[in-house]
Amino acid sequence: MNVTDTRESTAARVNLLDFDHAALTEWCASIGEKPFRATQLSRWLHRHVECDFDKMTNLAKVFRAKLKDLAEVRSPQPIAEKKSADGTRKWLFDVGNGNAVESVFIPEDDRGTLCISTQAGCAMGCLFCSTGKQGFNRNLSTSEIVGQLWYAERELRQDRGVTDPNDRIISNVVLMGMGEPLQNLDNVIPALRLFLDDNGYGLSRRRVTVSTSGLVRQIDKLAEAAPVALAVSLHAGNDELRDRLMPVNRKHPLKDLMAACRRYLDVAPRDFITFEYVMLGGINDSLADADELVELVRRERVPCKFNLIPFNPFTESDLKKPDREAVLAFCRRLNDAGIVTTVRKTRGDDIDAACGQLAGEVKDRTRRAERLREQKAEAAVYFQKKQN
């Protein structure tokens with residue numbers, strides 16, 4: 001079956017991209033195949049990114065015949081693709097029922113990073129994020145999450161003429177696209193296991209990062225099931241401001257979040273937590289705000305590094321990008337306090353692929369507009385008080 005095949009799938013066929021290795025082994029057993037067949041099949045699916053069962057030459061013909069009757073390899077199909085002047089590529093994938101999600105590939109000299117979506121829309125409602133403005137539609141399935149990596153790796157190999165399955169284009173995966181990954185753990189965990197599996201994509205735990213807005217109980221669950229690198233969206237050093245920027249903070253305030261970060265470090269592949277910090281002009285970009293962050297992480301004893309992200313404007317927001325001088329001064333303040341701090345280089349902003357700009361397709365624009373007005377009204381009260 002070709003990846004671009006538009007024939008409808010039969011209800012009886014399973015999508016093999018839904019299975020991590022344990023589930024694939026169980027499925028193979030259910031059709032009378034031994035465990036080693038699952039290992040062979042997994043390598044074809046994920047190391048070779050192959051979808052044509054006839055090309056899986058070390059599989060027995062009888063097994064291949066079963067696969068043709070019972071299974072398929074179906075990734076989300078692209079609606080559109082954009083290429084940035086800096087080499088960044090963005091795919092818009094159809095996930096059915098009027099929903100679409102975006103994935104972004106960021107090439108660098110020493111790595112190739114794919115930013116993956118985990119939900120169609122997002123329920124978190126962060127003030128500065130375009131994705132959150134469209135509301136939440138549904139969780140993505142494991143195959144829809146894994147399929148983004150499967151499709152992107154296949155396309156990039158074909159474009160570059162790469163045929164060696166060990167010569168991977170994508171070396172790093174970050175779950176930082178559309179959605180809150182920890183709200184979809186039932187599907188995210190099997191995907192992470194495939195990313196890490198030597199017979200899957202073979203990535204190290206240090207090269208797979210899950211980003212969260214700060215869901216405390218789910219951080220603990222991730223630690224138990226698949227402890228990869230963790231990035232936490234922080235964006236404020238006090239609860240009052242973070243409540244306005246990120247509604248999740250009202251349920252999971254900073255003290256609880258910091259405690260969860262300390263627990264996660266017991267099993268994390270790195271000895272620090274990465275705090276993502278979107279800098280909003282005139283709101284959280286002052287030296288006083290930087291000092292508050294230093295006080296927070298010292299008081300809560302959380303080894304960390306900061307990744308500063310200058311706000312990327314989008315149409316439905318009147319928030320402002322910070323002055324570059326303010327960003328650099330903020331960065332120096334944190335570094336001078338002994339906290340490793342970097343400023344994220346903006347990539348792909350000419351194709352709306354930069355951090356916070358991913359939005360996919362909006363099914364209910366009226367709901368989106370109403371939600372935006374409510375957030376603006378609530379935030380305006382606080383921001384006006386802060387400026388005064």
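These remarks concern the structure in this document. Worth saying up front: this structure is predicted, and the values here are computed from it rather than measured. (Residues numbered from 1 in each chain as written. Predicted model: local features only at pLDDT ≥ 70, side-chain atom pairs only at ≥ 80, totals over all residues. Heavy atoms only, no water.)

**A closer look at the packing of helix α5 (residues 185-196) against helix α6 (residues 216-225)**
Then step 1. Axis separation between α5 and α6 bottoms out at 11 Å; the angle between their running directions is 30°. Between α5 and α6, the interaxial angle falls into the category roughly parallel. Between α5 and α6 lies a crossing of right-handed hand. Between α5 and α6, the contacting residues are Leu185, Ile189, Leu192 and Arg193 on the first element and Gln218, Lys221, Leu222 and Ala225 on the second.
Then step 2. Per-class residue counts for the contact of α5 with α6 are 5 nonpolar, 1 polar and 2 charged. (Axes fitted to C-alpha atoms, helices over the stretch in contact; angles between N-to-C directions. Helix = DSSP H or I, 4+ residues; strand = E, 2+ residues; numbered from the N terminus. Parallel < 35°, antiparallel > 145°, perpendicular 65-115°, else oblique. Left-handed = near helix turned anticlockwise from the far one by under 90°. Contact = heavy atoms within 4.5 Å. Nonpolar A, V, L, I, M, F, W, Y, C, P; charged D, E, K, R; others polar.)

**Thoughts on the nonpolar core**
When a protein is soluble and globular, its nonpolar side chains tend to lie buried together.
Then step 1. Leu16, Leu192, Phe195, Phe275 and Phe306 are the most contacted members of the largest nonpolar core, which totals 107 residues.
Then step 2. In contact with leucine 192, other than residues within four places in its own chain, are Leu175, Val208, Val210, Leu222, Ala226 and Val228. (Core = buried A, V, L, I, M, F, W, Y, C linked by side-chain atoms within 4.5 Å. Buried < 20%, exposed > 50% of the residue type's maximum accessible area, 1.4 Å probe, protein only.)

**Let's talk about the pattern of salt bridges**
Pairs can form between side chains of opposite charge once their charged atoms are near each other.
Then step 1. Within this structure, the stated rule accounts for 18 salt bridges.
Then step 2. When the shortest N-O distance is used, the salt bridge between glutamate 33 and arginine 37 registers 3.9 Å. Like arginine 37, glutamate 33 is buried.
Then step 3. Between glutamate 276 and arginine 344 there is a salt bridge; the shortest N-O distance is 2.8 Å. A residue pair is termed long-range when its members are at least 10 positions apart, and glutamate 276 in strand β12 (residues 273-279) and arginine 344 in the loop between β14 (341-343) and α11 (365-387) qualify at 68 residues.
Then step 4. Ionic contacts of the salt-bridge type, sharing partners, join the residues Lys255, Arg262, Glu295, Arg299 and Glu300 into one network. (Salt bridge = Lys/Arg side-chain N within 4 Å of Asp/Glu carboxyl O.)

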